[in-house]
Each structure stands twice: as C-alpha cells, then as structure tokens.
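Working through the structure, step by step
Here is what each chain is made of, one letter per residue.
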Protein chains: 2
Amino acid sequence: MKNILDRNQNKADEVRNLLSSKKVLMVNIISSPGAGKTTLLERTCEELGSKFRIGIIEGDITTDRDAQRLKKYNIPIVVINTEGGCHLDSHSISKVLDSFDLDNLDVLFVENVGNLICPSQFDLGETFKLAVVSTTEGDDKPGKYPMLFREARAVLLNKIDLIPYTNFNFDSFSSDLKKINSQIPLFEISSTRGDGLKGWYDWIEDEINKMH
Amino acid sequence: MKNILDRNQNKADEVRNLLSSKKVLMVNIISSPGAGKTTLLERTCEELGSKFRIGIIEGDITTDRDAQRLKKYNIPIVVINTEGGCHLDSHSISKVLDSFDLDNLDVLFVENVGNLICPSQFDLGETFKLAVVSTTEGDDKPGKYPMLFREARAVLLNKIDLIPYTNFNFDSFSSDLKKINSQIPLFEISSTRGDGLKGWYDWIEDEINKMH
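Before going into details, it helps to say that this report is about the structure given with it. Residue numbers restart at each chain and count upward from 1, following the sequence in its written direction. Key to labels: chains lettered from A, ligands numbered from 1, both in the order written. Only residues with pLDDT of at least 70 are given local features in this predicted model, and only at 80 or more are side-chain atom pairs given and counted; all residues enter the totals for whole chains, interfaces and linings. Water and hydrogen atoms were dropped before computing side-chain values, which therefore reflect all heavy atoms in the structure.

Grid points spaced at 1 Å and placed over the protein atoms alone form the basis of the search, with a cavity being a set where a 1.4 Å probe fits but cannot get out and a pocket an open set showing protein on both sides within 12 Å along at least five of seven lines. Lining residues have an atom within 4 Å of a point. Grid points are joined across faces, edges and corners, and a volume is the space filled by probe spheres set on the points. There is about 890 Å³ of room inside the largest pocket. Forming the boundary of the largest pocket are 33 residues, of which Met1, Cys86, His87 and Phe122 of chain A together with Met1 of chain B lie nearest the centre. Among the secondary structure elements, those contributing two or more residues to the lining of the largest pocket are helix 1 (2-21), strand 3 (77-81) and helix 4 (90-97) of chain A together with strand 3 (77-81) of chain B. Among the elements that take part in the lining of the largest pocket, helix 1 of chain A stands out by supplying three residues, more than any other. For the lining of the largest pocket, the class distribution of residues is 14 nonpolar, 16 polar and three charged. Elements are defined by DSSP. Helices are runs of H or I of four residues or more, strands are runs of E of two residues or more, and each kind is numbered from the N terminus. Amino acids are sorted into nonpolar (Ala, Val, Leu, Ile, Met, Phe, Trp, Tyr, Cys and Pro), charged (Asp, Glu, Lys and Arg) and polar (every other residue, Gly among them).

Structure, rendered in structure tokens:
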C-alpha cells in the first residue's frame, strides 16, 4: 500500500507542476454516490461557461452516463472508466491530460468515483479537493468519515431543500465539521433548485482568478 | 490484489463453515454512506428481537456511533473500526466471532462500512449480501455501480417517502436493476416512516428459518 501511494504521489506532483505552469486550476470533487456532483457541474458550466474555459474529467466505474449529461455544454470532457476501481489515481489523470489543450483552459473539474473514503487518500495533482455531501445522507457524515473533510478546501452541503423532510440537524453537522477542520468554508446549496449557488460561484471564480 | 482476495476468500470459507455448523444466518449489509442501514437495523431489532436471537457487527471507520444507536435493544454488538479502511474483510470478522455465543444466535447482521464499491468485492463468509440503496441517491445507482447489485440476494430501496421531492424515476431504477440481476427481490421501504417493512420482515424471517 505504501508503494502504491508513493508512486501515486510522484505522478501527482508531476501533474500539479504541469497544471501550475499552465495556470490551470484543478478541482478534485469527492462525494458519496448520488450526493449531486454532476448536477453541481451542470449548474456551474451554465453559470461560468461564458466567463472561463472549463474542462471536465469524469471518473466512473463502467458507464459514461455523467459525461452524457454534460455534453450539452460543448466543453472538453474525458471519461475515465475505472472498471471496478473505487477511485481515480494520478496515473490515470496524467494519461488523459494530453486530450486537453491546457494552454486554453482555466479550470479542470474532476468528478471522482462516488465514494466518501478511498478517493480522499489519492492525490491526483489537483489544486485542491472539494467535498460534496447531501443532507439526505444524515448529519453524521463528517464525524464518521473524517478523512475527506480534513483534506478538502471547501464543503458543499447539497440538497438543503430536502431538510424539512428529514431529521438532518444542521448544528450537529456544522459542529462536527468544525471539530475536524475549523476554518473550512461551508456552502449550503440545492443544486436542483439553485439555492445558495451564488456563494459557490463567487468563491470558485476567486480561486480560478488566483491562478493568474 | 489477487493475493489479498485469495487470503480473504480462504478465511471467508472458514467463517461460512463455522456459521453454517452453528445454523447462524449472516447478512452482510452494504450501501452508500447514509442510505439507512442503521435505521433499518433499529426497526428490524424492534420487530424481530422477540422472535429471534440477533447479533450485530458494526463496521465503521473510526467511531462507534451506529453501535450506540443500537445499544437500547440489549443484544450483542461488536464494533470493528477499520481505521481508514474502506471495507470489512473476513479476517476482521473471524477475530470478533469469539465474542458471540454462536450456539445461542439465529442471525448475525453485519453493517459494512458505508461504501457502494469496495465491500462488494470482499466475501466475509456471509450467507448473503444485502444491498440497501436510497431514492435520494438517484435512480441511476444500479447502472453505475453494478457490482453490488449483481452479488446481492435482495435489494432494499429505502426513503421512498422522499420520492415526491426528488426526480427519482422508479421505472428507470427497476429496469436497470433487472438488466443486472433479473430475479432479485426488491423491497420498497421507508425505514423512518415504516412503509413496506412487512415484506422485508417476512422475507428475512423465511431466510432465518431456512437455516434450521
């Protein structure tokens, strides 16, 4: 396991240096299955597609369903099928970077495989990790799966429109999160309904601009 | 990886032989984080606790929160903390079996770590795997994460009370599932509200009785 992680780290460092030299922000988006990563990307492409040159890497086990949903934005998308694998790694990312014109890209979103555990252990060479978690998963996720929340640069709490129909306790969620990562920005959003997305757009826009 | 899986399989066969000789049904419950495994176990202990001798193994990364929720049923519970590991394996199960009085047990529920991918590759020596998936994860889960749905003996579709507030399409879910595993029993339930649980109780009762 240590060897695997060491080799992954070396390649991740290469990827990070390359993207940094090209001034491309890379965001590694991690969540449980069905927390809303693809819908968030749909919204984000709609909002920021005219301001920035966006590329997407779609990590999926066996299908290209998420990529199909994003095709309508007419941006470069590459699918990586892990064929059963539970996370992306830096070698698979490095291989597909050739497919992008990095000189004409501002931001590369990587939608990792739906998994709250393994992807947080593999550096892809990203600028930072982004955690997406949905209210319907329960308020105990930061406490029970701390690794991702420790590593991430920001947290998007999705599906806040469903809180009235669940027993989700925001104070409990937020207090657990702060114990793990006291300064982390938290955006409360509904990707389907649009609530709270302005804060996310402003924040990610700042992050893209920081690269220049 | 092959070595790891081979060693896991040998120990799983041992576990399976032991439990079979003791006539204990072992159910390996697998789902995404927050799909409702613990609430299902709470309900099931309430309903079947007076008819059968139940034991529980709680797989969690670092906490004993789920076990705390189940303590009130006064049944034997053992926690396995994987310390970052993304799934249980047969060696960890084998080690804790000593803590149970197997001669006085009818069914052993194993709540695996919340992860739709890795746990489906590791045989624990269970009688069968049970897939729990919630409507709020979206209707595309069987298509996108087929391994578990191929392996499982039954599927519980949880949180059906939330369908009206989501874009979950039951026909699409069901048709994807049937392509992967055409004969698999599917129970539509709400563990919080109680909908559909009678079908699950009857089915699992039959499975427990088959061991004798």
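Turning chain B through 180° and shifting it by 0.0 Å along the axis lays it on chain A, with an RMSD of 0.0 Å. What the superposition gives is, in effect, a two-fold axis relating one chain to the other. We place the copies in one frame by least squares, fitting the C-alpha atoms of every residue whose pLDDT is at least 70 in both.

Turning our attention to the sheet that holds strand 6 (residues 154-158) of chain B. Residue and element names in this part refer to chain B. Each pair of strands is called paired provided DSSP finds at least two bridges between the two strands. If you trace the seven strands from one edge of the open sheet to the other, you get 3-2-4-1-5-6-7, paired in parallel fashion. Of all strands in the sheet, those bounded by a partner on one side alone are strand 3 and strand 7 (186-188). For this sheet, the mean inter-axis angle between neighbouring strands, taken without regard to orientation, is 20°. Pairing geometry for strand 2 (residues 54-60) and strand 3, over five bridges, is parallel. In the sheet register, Ile57 faces strand 3, and the bridge partner there is Val78. By the convention used here, residues are in contact when the closest approach between their heavy atoms is within 4.5 Å. To define axes, lines are fitted to C-alpha atoms, for helices over the stretch in contact only, and angles between the resulting N-to-C directions are given on a 0 to 180 degree scale. Strands in contact with helix 2 (residues 37-48) are strand 1 (25-30), strand 2, strand 4 (107-111), strand 5 (128-134) and strand 6; relative to strand 2, the strand with the most contacts, it is inclined by about 170°.

As a further point, take the sheet that holds strand 4 (residues 107-111) of chain A. Residue and element names in this part refer to chain A. Taken in spatial order, the seven strands of this open sheet run 3-2-4-1-5-6-7, and their pairing is parallel. This sheet does not close on itself; its edge strands, each paired only once, are strand 3 and strand 7 (186-188). Here the strands of the sheet are splayed against their neighbours by 20° on average, with no regard to which way each runs. Sheet topology note: the strand 1 (residues 25-30)/strand 5 (residues 128-134) ladder contains four bridges and is parallel. Its bridge partner being in strand 5, Val27 is matched across the sheet by Phe128. Where helix 4 meets the sheet, its contacts fall on strand 1, strand 2 (54-60), strand 3 and strand 4, and the angle it forms with strand 3 comes to roughly 145°.

On to the pairing of strand 6 (residues 154-158) of chain A. All names here are of chain A. Each residue is assigned to one of three classes by its accessible area relative to the maximum for its type, calculated with a 1.4 Å probe on protein chains only: buried under 20%, partly exposed between the two thresholds, exposed over 50%. Of all five residues in strand 6, five are buried; the element is thus mostly enclosed. In this sheet, strand 6 lies alongside strand 5 in parallel orientation, the contact comprising five bridges. Note on strand 6: the bridge partner recorded for Ser134 is Asn158. Note: strand 6 against strand 7, three bridges, orientation parallel. Bridge assignment links Leu157 to a residue of strand 7, and that residue is Glu188. When the strands point away from the viewer, a crossover counts as right-handed if the path from the first strand over the helix to the second runs clockwise. Note on the crossover from strand 6 through helix 7 (residues 170-180) to strand 7: the handedness is right-handed.

Vacant regions in the atomic arrangement are exposed by a probe of water-molecule size rolled over the atoms. Under the counting rule described, the total for this entry stands at two cavities of 30 Å³ or more. In this structure, the largest cavity spans a volume of roughly 50 Å³. If you go around the largest cavity, you meet 13 residues; those closest to its centre are Thr136 and Glu137 of chain A together with Ser134, Thr136 and Glu137 of chain B. Looking at side-chain class alone, the lining of the largest cavity contains three nonpolar, six polar and four charged residues. The space that makes up the second largest cavity amounts to roughly 30 Å³. As for the second largest cavity, its lining consists of Lys37, Gly59, Asp60, Asp66, Glu111, Asn112, Val113 and Gly114 of chain A together with Lys144 and Tyr145 of chain B. A per-class count over the lining of the second largest cavity returns two nonpolar, three polar and five charged.

It is worth spelling out the packing of helix 1 of chain A against helix 4 of chain A at this point. Residues and elements named next belong to chain A. In the contact formed by helix 1 and helix 4, the axes pass within 8 Å of each other and the chain directions differ by 35°. The way helix 1 lies across helix 4 gives a crossing that is left-handed. On helix 4, the residues that touch Arg7, Asn8, Lys11, Ala12, Val15, Leu18 and Leu19 of helix 1 are Ser90, His91, Ile93, Ser94 and Leu97. Partitioning the contact of helix 1 with helix 4 into residue classes produces six nonpolar, four polar and two charged. For a crossing to be left-handed, the near helix must be turned anticlockwise from the far one by less than a right angle; the clockwise case is right-handed.

What helix 7 of chain A keeps buried is the set Phe173, Ser174, Asp176 and Leu177 of chain A. Along helix 7 of chain A, the residues classed as buried sweep out an arc of 160° about the axis, all on the same side. Pointing more than 90 degrees away from the buried face of helix 7 of chain A are the exposed residues Asp171, Lys178 and Lys179 of chain A. The inward-facing, buried residues of helix 7 of chain A contact strand 5, helix 5 (141-144), helix 6 (146-151), strand 6 and strand 7 of chain A together with helix 3 (65-70) of chain B. In protein, a polar contact means a hydrogen-donor-capable atom and an acceptor-capable atom, both N or O and within 3.5 Å, with residues adjacent in sequence counting only if both atoms are side-chain atoms; elsewhere, any N or O pair within 3.5 Å suffices. Put simply, Asn169 of chain A is the residue that caps the front of helix 7 of chain A, since its side-chain oxygen is 3.0 Å from the backbone nitrogen of Asp171 of chain A. The directions considered for the arc run from the helix axis to the C-beta atoms.

What follows deals with the environment of Glu47 of chain B. If you trace the backbone, Glu47 of chain B turns up in helix 2. Given a relative accessible area of 39%, Glu47 of chain B falls into the partly exposed group.

A few words now on the nonpolar core. Side-chain atoms within 4.5 Å link the members of a nonpolar core, which is a set of buried Ala, Val, Leu, Ile, Met, Phe, Trp, Tyr and Cys residues. Judged by nonpolar contacts, the single largest core of 40 residues is most densely connected at Ile117 and Val155 of chain A together with Ile117 and Val155 of chain B. At the level of elements, strand 5, helix 6, strand 6 and helix 7 of chain A together with strand 5, helix 6 (146-151), strand 6 and helix 7 (170-180) of chain B are the ones that each hand at least two residues to this core. Residues Leu41, Leu70, Val107 and Tyr201 of chain A belong to the second largest nonpolar core, which totals 30 residues.

Turning next to helix 2 (residues 37-48) of chain A. All names here are of chain A. Between its first and last C-alpha atoms helix 2 spans 16 Å; for 12 residues at 1.5 Å apiece the expected length is 16 Å, and the two agree. Of all 12 residues in helix 2, nine are buried, a share of seventy percent or more. If you check which residues of helix 2 are buried, you get Lys37, Thr38, Thr39, Leu40, Leu41, Glu42, Thr44, Cys45 and Leu48. To estimate how far a helix should extend, the number of its residues minus one is multiplied by 1.5 Å.

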